[in-house]
Amino acid sequence: AQTVTQSQPEMSVQEAETVTLSCTYDTSENNYYLFWYKQPPSRQMILVIRQEAYKQQNATENRFSVNFQKAAKSFSLKISDSQLGDTAMYFCAFIIFNDYKLSFGAGTTVTVRA
Amino acid sequence: NAGVTQTPKFQVLKTGQSMTLQCAQDMNHNSMYWYRQDPGMGLRLIYYSASEGTTDKGEVPNGYNVSRLNKREFSLRLESAAPSQTSVYFCASTGLDRSGSNQPQHFGDGTRLSIL
């Protein structure tokens, strides 16, 4: 079974600053995908960024970027120039290539302060 | 384009009552999923349907049943609700990308279910 660990239950950041969320996972598979989802107070689950394990280049999406360290099984999310609208719970998730079961971490609540 | 639609959005039940949560997607996705979200535990997979006509258990299937009614619809049923099933329930769907792997899952807005 795959496990995903988010060790930071809560984080707070000043508007316009940078915050980094950690995620580690455990798998014996070599080919898989990693995701970060955002869940604002509205409860929607919104895909933030996706990383394919076979790609060495870290994924970026506007102000969001990841640091993917395959050997260390680490997948951190960096939010640059934080905005009030970034306040949300962030979930790291993992799925094996061609599988159907998406495994989630417990989530990190990010609060952006004005 | 509605995406994934869940009904109802909120529901309160008494212990022992039955309830069906409905989910429909309009993206022609093959696979559909039901999750529950509890504080401090992220989302946990209850059941999924890889394709029309198939269903499989996820991580926490006990106390639930599902029906893949057609390609668009995937329902979750609680036959005899228990307080431990108080949770937020999410439906999701996904299709295949060019490599044949599942695309990222699209989620509905969730159903908040309280069982007294």
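So, a few notes on the structure that sits alongside this text.

About the cut-offs
- Residues numbered from 1 in each chain as written.
- Chains lettered and ligands numbered in written order.
- Predicted model: local features only at pLDDT ≥ 70, side-chain atom pairs only at ≥ 80, totals over all residues.
- Heavy atoms only, no water.
- Core = buried A, V, L, I, M, F, W, Y, C linked by side-chain atoms within 4.5 Å.
- Buried < 20%, exposed > 50% of the residue type's maximum accessible area, 1.4 Å probe, protein only.
- Helix = DSSP H or I, 4+ residues; strand = E, 2+ residues; numbered from the N terminus.
- Contact = heavy atoms within 4.5 Å.
- Salt bridge = Lys/Arg side-chain N within 4 Å of Asp/Glu carboxyl O.
- Disulfide = S-S within 2.5 Å.

Within soluble globular proteins, side chains that are nonpolar generally end up buried alongside one another. All names here are of chain A. Of all hydrophobic cores here, the largest spans 26 residues; its most connected members are Leu-21, Tyr-25, Trp-36, Phe-75, Leu-77 and Tyr-90. Secondary-structure elements contributing two or more residues to this core are strand E3 (19-21), strand E5 (32-39), strand E6 (46-52), strand E8 (64-69), strand E9 (74-79), strand E10 (88-96) and strand E12 (108-113). In terms of residues, this core owes the most to one element, E10, which gives five residues. The contacts of Tyr-25, once residues within four sequence positions are left out, are Thr-3, Val-4, Tyr-32, Leu-34, Phe-68, Gln-69, Lys-70, Lys-73, Ser-74, Phe-75 and Phe-94.

Oppositely charged side chains can pair when the atoms bearing their charge come close. Throughout the structure, instances matching the rule amount to seven salt bridges over all chains. Measuring nitrogen to oxygen at the nearest pair gives 3.7 Å for the salt bridge that ties Arg-50 of chain A to Glu-52 of chain A. A relative accessible area of 13% places Glu-52 of chain A in the buried class. As a salt-bridge pair, Asp-38 of chain B and Arg-36 of chain B come within 2.9 Å of each other at their nearest N and O atoms. Members of the salt-bridge network, linked through shared partners, are Arg-50, Glu-52 and Lys-55 of chain A.

All names here are of chain A. For the structure on display, the rule yields two disulfides over all chains. The disulfide partner of Cys-23 is Cys-92, and the gap between their sulfur atoms is 2.0 Å. Sign of the S-S torsion, about -70° for the bond between Cys-23 and Cys-92, identifies this disulfide as left-handed. Of the two residues, Cys-23 sits in the loop between E3 and strand E4 (24-26) while Cys-92 sits in strand E10, which places them 69 residues apart along the sequence. Overall, Cys-23 belongs to the buried group, its relative accessible area being 2%.

This is a description of form; function is not addressed.
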